[in-house]
Amino acid sequence: MTGSARELIDAVQAELAPRDGENRLVPSVEAGEAPREVFAAIAEEEYRIVRSDWRSFLHLASRAGERNAREFFAALASGEGLALGKLAALAEESPDFEPRAGCQAYPAFVAWLALNGEPADVIVAIVANFAAFGRYCAAIAAAMRERYGFDDEACAFFDFFGAPSPELEDLAVRAVQAALDAGELSEKDARTHARLFQSYELDFWNTLADDGGRD
């Protein structure tokens, strides 16, 4: 199978786009209607998620045989390490924290992919979901400042993930193109992974929207 990696990623992203608006928490935050406690709840969930994804991406990097794919996953892992340090301004990790199943399904799926997914297929799925996740984070960071009066330090986690990363996307496109050229990419599996990524991420946000950030 050969073709354009950029076209494939864009096509998968377009297939996901109709569901992007199903995130119920972000509009609530943008309107200033979400309880302030929801930001601490996000941080508590993310302490667990970020550490899990960090390990998952390192494992994917170790499994990837193609250089661009290895560098892509290594860069993702490095980003998770940086992101972890930005959570404390929102909430300290609590020993009494009880994770929500709807929030933790996402990293469980990433860990499954780290063991079972073909790296190039996983890259398509991750990158196809980049744009929506970035928009969510940028919108939350803006609302935290404008609606809730948070300072830059408290918004740093969302600023980090809300900023575009053209270098990372370039690595992804090169890795996917190499897999396409070698006939080693399954478009069906990539689309399935992307759909599940989106569903589990929506579960994360909507679980928090439904319980208002309560522990």
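In the block above lies the structure referred to throughout.
Rules used throughout
- Residues numbered from 1 in each chain as written.
- Predicted model: local features only at pLDDT ≥ 70, side-chain atom pairs only at ≥ 80, totals over all residues.
- Heavy atoms only, no water.
- Helix = DSSP H or I, 4+ residues; strand = E, 2+ residues; numbered from the N terminus.
- Rg over C-alpha atoms; globule rule 2.2 N^0.38 Å.
- Buried < 20%, exposed > 50% of the residue type's maximum accessible area, 1.4 Å probe, protein only.
- Expected span 1.5 Å × (residues − 1).
- Contact = heavy atoms within 4.5 Å.
- 1 Å grid on protein atoms, 1.4 Å probe; cavity = no way out; pocket = protein on both sides within 12 Å on 5 of 7 lines; lining within 4 Å.
- Points joined across faces, edges and corners; volume = space filled by probe spheres on them.
- Nonpolar A, V, L, I, M, F, W, Y, C, P; charged D, E, K, R; others polar.

Caption draft 1: Representation of the overall build of the chain. On a plain count of helices and strands, the chain comes out with 9 helices and 0 strands. The order of helices and strands in the chain, counted from the N terminus, is α-α-α-α-α-α-α-α-α. Its C-alpha atoms give the chain a radius of gyration of 17 Å, within 12% of the compact-globule value 17 Å for 215 residues. Overall size of the chain, expressed as C-alpha extent along the three principal axes, is 50 × 35 × 30 Å. Residue burial in the chain is summarised as follows: out of 215 residues, 48% are buried.

Caption draft 2: Local environment of helix α4 (residues 67-84). A rise of 1.5 Å per residue sets the reference length of α4, with its 18 residues, at 26 Å; its end C-alpha atoms lie 26 Å apart and thus fit the reference within 8%. For α4, every residue scored as buried is listed here: N68, A69, F72, F73, L76, A77, G79, E80 and A83. The inward-facing, buried residues of α4 abut α3 (37-63), α6 (119-146), α7 (152-162) and α8 (166-181).

Caption draft 3: Structural detail: empty space enclosed by the protein. Here the structure, examined in full by the defined rule, presents 1 cavity of 30 Å³ or more. Roughly 50 Å³ of volume is contained in the largest cavity. Around the largest cavity, the lining residues are D20, N129, A132, F133, Y136, Q198, E201 and L202. Among the elements of the structure, α6 and α9 (187-211) are those that each provide at least two residues to the lining of the largest cavity. Top element by residues in the lining of the largest cavity is α6. It accounts for 4 residues. Each residue belonging to the lining of the largest cavity can be placed in one class, and the counts come to 4 nonpolar, 2 polar and 2 charged.

The values reported here are purely geometric and, on their own, carry no functional implication.
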